[in-house]
Amino acid sequence: MNNNKIIVAIDTPEEERLIELLNDLNPDLCMIKIGSILFNSLGRRSFDLVADKGFNIFFDIKFHDIPNTVAHSILSFKGYPINLLTVHISGGINMLTRAREAAHAINAKIIGVSLLTSLDQKDVERVFFNDIQKVADNLFNLAKEANLDGVVCSAYELKHAMTNFPNLLKIVPGIRLTSNNDDQKRVMSAVEALNLGANHLVIGRPITESKYPNTELEKILETL
């Protein structure tokens, strides 16, 4: 059985680089995230390339539009090997309900994105006029009301999510192995996030920018 604790984010626009990484990584040790960079560059071919190597797919496209548009967009992916796909919870209950129905119709689990890990308290106050925890709580409540399968959240919201929404899958980005100076602000180590209740960890650059990506992946798994 696949060990899907780690989802490797391959954020490259280059098909050659994608193939190099897929050839190096072990599909028994991780899932692959297809996000906007990869999908906008290679389109639906990216699904075939990833699936042909035996990987499960996390389609992190973050749908966010009116309910009808989101539902039909999701349904257009029928027949593609998508295990998990994302929508922004802030799209509202009607959008989330339609998205869930559409995702389940194509045999995918629907995951709601709460607050991006690139946002800090000042950013959240300017956009939502409230503090991070209260906004996260409201978004989690929406996800539960819409019967989503899971949420994407920072590790800092995990404790509350575990207490109040234990049945939701919890996918955590912003995992860092060392101190960093990149665009992620609310970050945490892999071990800390798992101890707080994360089901899946999204890790990109620490693995994909390594000289030996699968060796780095194996090292991370050993620490878990």
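You'll find the structure just up there.
The structure displayed is predicted, hence computed values, not measured ones.

Definitions and cut-offs
- Residues numbered from 1 in each chain as written.
- Predicted model: local features only at pLDDT ≥ 70, side-chain atom pairs only at ≥ 80, totals over all residues.
- Heavy atoms only, no water.
- Phe/Tyr/Trp six-rings, centres within 6.5 Å; stacked < 30°, edge-to-face > 60°.
- Buried < 20%, exposed > 50% of the residue type's maximum accessible area, 1.4 Å probe, protein only.
- Lys NZ or Arg CZ within 6 Å of the ring centre and 35° of its normal.
- Helix = DSSP H or I, 4+ residues; strand = E, 2+ residues; numbered from the N terminus.
- Expected span 1.5 Å × (residues − 1).
- Contact = heavy atoms within 4.5 Å.
- Salt bridge = Lys/Arg side-chain N within 4 Å of Asp/Glu carboxyl O.
- Polar contact = N/O pair within 3.5 Å; in protein donor to acceptor, adjacent residues only side chain to side chain.
- Core = buried A, V, L, I, M, F, W, Y, C linked by side-chain atoms within 4.5 Å.
- Axes fitted to C-alpha atoms, helices over the stretch in contact; angles between N-to-C directions.
- Parallel < 35°, antiparallel > 145°, perpendicular 65-115°, else oblique.
- Left-handed = near helix turned anticlockwise from the far one by under 90°.
- Nonpolar A, V, L, I, M, F, W, Y, C, P; charged D, E, K, R; others polar.
- Pairing = 2+ DSSP bridges.
- Right-handed = clockwise from strand over helix to strand, strands pointing away.

(A) Spatial organisation of the packing of aromatic side chains. Following the criterion strictly, the structure yields eleven aromatic pairs and no others. When the centroid spacing of 6.2 Å and the interplanar angle of 85 degrees are considered together, the rings of Phe59 and Phe63 count as edge-to-face. Phe63 carries the same exposure label as Phe59, and that label is buried. By the ring-pair criterion, three or more aromatic residues cluster together here, those being Phe39, Phe47, Phe59, Phe63, Phe77 and Tyr80. Arg44 extends its terminal NZ or CZ atom over the ring of Phe77, reaching a point 4.0 Å from the ring centre.

(B) Spatial organisation of helix H5 (residues 93-105). With 13 residues, H5 extends 18 Å from end C-alpha to end C-alpha; this agrees with the ideal 18 Å at 1.5 Å per step. Three or more residues of H5 are buried, namely Met95, Leu96, Ala99, Arg100, Ala102 and Ala103. Taken together, the buried residues of H5 touch strand E3 (57-63), helix H4 (67-75), strand E4 (84-88), strand E5 (109-113) and helix H7 (132-145). Looking one or two places after H5, you find Asn107, whose phi comes out positive at around 65 degrees.

(C) Inspection of the pattern of salt bridges at higher detail. The final tally for this structure, using the stated rule, is six salt bridges. A salt bridge links Lys33 to Asp60; the shortest N-O distance between them is 3.9 Å. Taken together, the residues span a long stretch of sequence, with Lys33 in strand E2 (residues 31-35) and Asp60 in strand E3 at a distance of 27 residues. A relative accessible area of 9% places Asp60 in the buried class. The closest approach of N and O atoms between Arg100 and Glu101, which form a salt bridge, is 3.9 Å. Bridged by salt links that share partners, the residues Asp11, Lys33, Asp60 and Lys62 form one connected network.

(D) Expanded view of the side chain of Ser210. On the secondary structure map, Ser210 appears in the loop between helix H10 (205-208) and helix H11 (213-223). Within the structure, the side chain of Ser210 is placed 3.2 Å from the backbone nitrogen of Tyr212, a separation counted as a polar contact. Setting aside its immediate chain neighbours within four residues, Ser210 contacts Arg205 and Glu216.

(E) Structural view of the nonpolar core. Counting residues in each nonpolar core, the largest one holds 66 residues, and the members touching the most others are Ile32, Phe59, Phe63, Ile74, Leu85, Val87 and Leu201. When residues in this core are grouped by element, the largest group, six residues, is from H7. Counting eleven residues, the second largest nonpolar core, distinct from the first, contains Ala9, Leu84, Val113 and Ile171.

(F) Spotlight on the packing of helix H1 (residues 15-24) against helix H3 (residues 45-52). For the pair H1 and H3, the least separation of the axes is 10 Å and the interaxial angle reads 20 degrees. As far as their axial angle goes, H3 and H1 are roughly parallel. Viewed along their axes, H1 and H3 form a crossing whose handedness is right-handed. Residues Glu15, Leu18, Ile19 and Leu22 of H1 form the contact with H3, whose own contacting residues are Arg45, Leu49 and Val50. Grouping the constituent residues of the contact of H1 with H3 by class yields five nonpolar, no polar and two charged.

(G) Layout of the pairing of strand E1 (residues 6-9). Here E1 shows two buried faces, one formed by Ile6 and Val8 and the other by Ile7 and Ala9. Both E1 and strand E8 (residues 200-203) contribute to a ladder of three bridges, which runs parallel. Pairing of Val8 across the sheet is with Ile203, part of E8. The pairing of E1 with E2 spans three bridges and is parallel. Note on E2: the bridge partner recorded for Val8 is Ile32. Between the parallel pair E1 and E2, the chain is carried across by H1, and the sense of this crossover is right-handed.

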